[in-house]
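Tertiary structure, described
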Amino acid sequence: MVNPIHLKTLLEVIRVGSFAAAALRLGYTASAVSQQMSALERATGTHLFERSARTAVPTEAAVVMARHAAKVLTDMDALMAASARVEAGTSHELRLGIFPSLATFALPRLVGSPGWQDLGINLKIHVAEPGQTIQGLRTGGELDVALIYLVGQGGLAWPSTISRQWLGDDDFRVVLPRSWGIREGSQVSAEQLSDMPWIMHHPGTPDALVIERLFAGCNLHPRVAAYCDDFNASLEMAAAGLGAALVPELAMLNRHDGVVVLDVPEIRLARSIFALIINERENPQVRLFLDQLAEVLRTQSIAPRAGAGT
């Protein structure tokens, strides 16, 4: 019999492109991921990966299996959630911590979806930055799940009683004032932006350190016009002509007409979105909720992709 855990791991390996990256996302070792994929190959009699010393390239059979596995796993979670709801005879309360830009983008799409009522979840929502919502997961806290983001590897910590599930990546975009006369979707080099004023994160924060290293690696030494950690404010200042800014896509849902999005090949950065779940409070309804949220992130486009035009 095929182990559903192995199917989930297969999806993650194909999504991120390697055993090591999937292991990091799922909280396993790379060896454990390799063993799971070998077990899945034995159980299905299918050759899933072309392995070498450093890579594992999925075969066509693996891609086909992953496509069907995604539906099978979602249906299994839906079945378990429906059974749990019937057994309990009531909706399940989910105390959710979520950061502002994800709440603005994702919650209306989830709650307004056709199958939301069937999920049987009664959301109790706390909108706050990740550092605050993680505190709500600690012993005696008011949250069951916290949705957070990480830029790079550091900056946040949580108890060992909490598991982590990757949901998607939120790409950063380079935005400029439209008044500067550069066309939407234009490709420019980092060097061309070096002498321009920039709106930057406050120095010393984990996000700011990652961005500073990225810019330094591009030989981009910005002239700082403002320090701001509020992306809505950064967009407004950019629209007013104050400077360029690096803004994640989720924060650009209602971006101002006064800014344009550029393609800067040297500047590639994303913040990874994770669900932190108290182990003892995980159940089929929570898993299905997170699966649906991941699907929203995967299928929706917020800002036009650089180079795609307006």
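Provided above is the structure to which this section pertains.
All values reported here derive from a predicted model rather than from experimental measurement. (Residues numbered from 1 in each chain as written. Predicted model: local features only at pLDDT ≥ 70, side-chain atom pairs only at ≥ 80, totals over all residues. Heavy atoms only, no water.)

Here Asp 230 is to be found in the loop between β8 (223-227) and α10 (231-239). Exposure remark for Asp 230: the relative accessible area of 42% places this residue in the partly exposed category. (Helix = DSSP H or I, 4+ residues; strand = E, 2+ residues; numbered from the N terminus. Buried < 20%, exposed > 50% of the residue type's maximum accessible area, 1.4 Å probe, protein only.)

Negative phi values dominate among residues other than glycine, just as trans dominates among peptide bonds. Not every positive phi belongs to a glycine, and Asn 219 is a case in point at roughly 60°. Examined against the element boundaries, Asn 219 turns out to sit in the loop between α9 (206-217) and β8. Using a relative accessible area of 54% as the deciding quantity, one classes Asn 219 as exposed.

A few words now on the environment of Leu 250. You can see Leu 250 is positioned in the loop between β9 (244-248) and β10 (259-262). In this structure the C-alpha to C-alpha distance between Leu 250 and Pro 100, which are 150 residues apart in sequence, comes to 9.4 Å.

Here we take up helix α2 (residues 19-26). Among all positions of α2, only Phe 19, Ala 22, Ala 23 and Arg 25 are buried. All buried residues of α2 lie within an arc of 160° about the axis, which places them on one face of the element. In this fold, the buried residues of α2 make contact with α1 (4-16), α3 (30-44), β1 (49-51), β2 (56-58), β6 (162-177) and β11 (270-278). Just downstream of α2 lies Gly 27, where phi reads positive at about 85°. (Arc of directions from axis to C-beta. Contact = heavy atoms within 4.5 Å.)

Going through the model one piece at a time under the given rule, you end up with eight salt bridges. Note that Glu 41 and Arg 51 form a salt bridge whose closest N and O atoms lie 3.4 Å from each other. Within this pair, whereas Glu 41 is found in helix α3, its partner Arg 51 is found in strand β1, the two being separated by ten residues in sequence. Since its relative accessible area comes to 13%, Glu 41 is described here as buried. Judged by relative accessible area, which is 37%, Arg 51 ranks as partly exposed. In this structure, the salt-bridge partner of Asp 170 is Arg 271, at a minimum N-O distance of 2.8 Å. Separated by 101 residues along the polypeptide, Asp 170 in strand β6 and Arg 271 in strand β11 bring together distant segments of the chain. The pair Asp 170 / Arg 271 is uniform in exposure class, with both members buried. (Salt bridge = Lys/Arg side-chain N within 4 Å of Asp/Glu carboxyl O.)

On to the nonpolar core. Counting residues in each nonpolar core, the largest one holds 66 residues, and the members touching the most others are Leu 102, Leu 147 and Phe 289. For this core, the element with the highest residue contribution is helix α11 (residues 284-299), accounting for eight residues. Judged by nonpolar contacts, the second largest core, of 18 residues, contains Leu 10, Ala 22, Met 37 and Phe 49. (Core = buried A, V, L, I, M, F, W, Y, C linked by side-chain atoms within 4.5 Å.)

This part takes up the packing of α1 against α3. Close contact between α1 and α3 brings their axes to 9 Å; oriented N to C, the two are set at 115°. Judged by the sense of rotation from one axis to the other, the crossing of α1 with α3 is left-handed. Contacts between α1 and α3 involve Ile 5, His 6, Leu 7, Thr 9, Leu 10 and Val 13 on the former and, on the latter, Val 33, Gln 36, Met 37, Ala 39 and Leu 40. Considering only residue class, the contact of α1 with α3 consists of eight nonpolar, three polar and no charged. (Axes fitted to C-alpha atoms, helices over the stretch in contact; angles between N-to-C directions. Left-handed = near helix turned anticlockwise from the far one by under 90°. Nonpolar A, V, L, I, M, F, W, Y, C, P; charged D, E, K, R; others polar.)

Here the structure, examined in full by the defined rule, presents one cavity of 30 Å³ or more. Roughly 70 Å³ of volume is contained in the largest cavity. Broken down by secondary-structure element, the contributors of at least two residues to the lining of the largest cavity are β7 (197-200), α10 and β9. Considering only residue class, the lining of the largest cavity consists of seven nonpolar, two polar and no charged. (1 Å grid on protein atoms, 1.4 Å probe; cavity = no way out; pocket = protein on both sides within 12 Å on 5 of 7 lines; lining within 4 Å. Points joined across faces, edges and corners; volume = space filled by probe spheres on them.)

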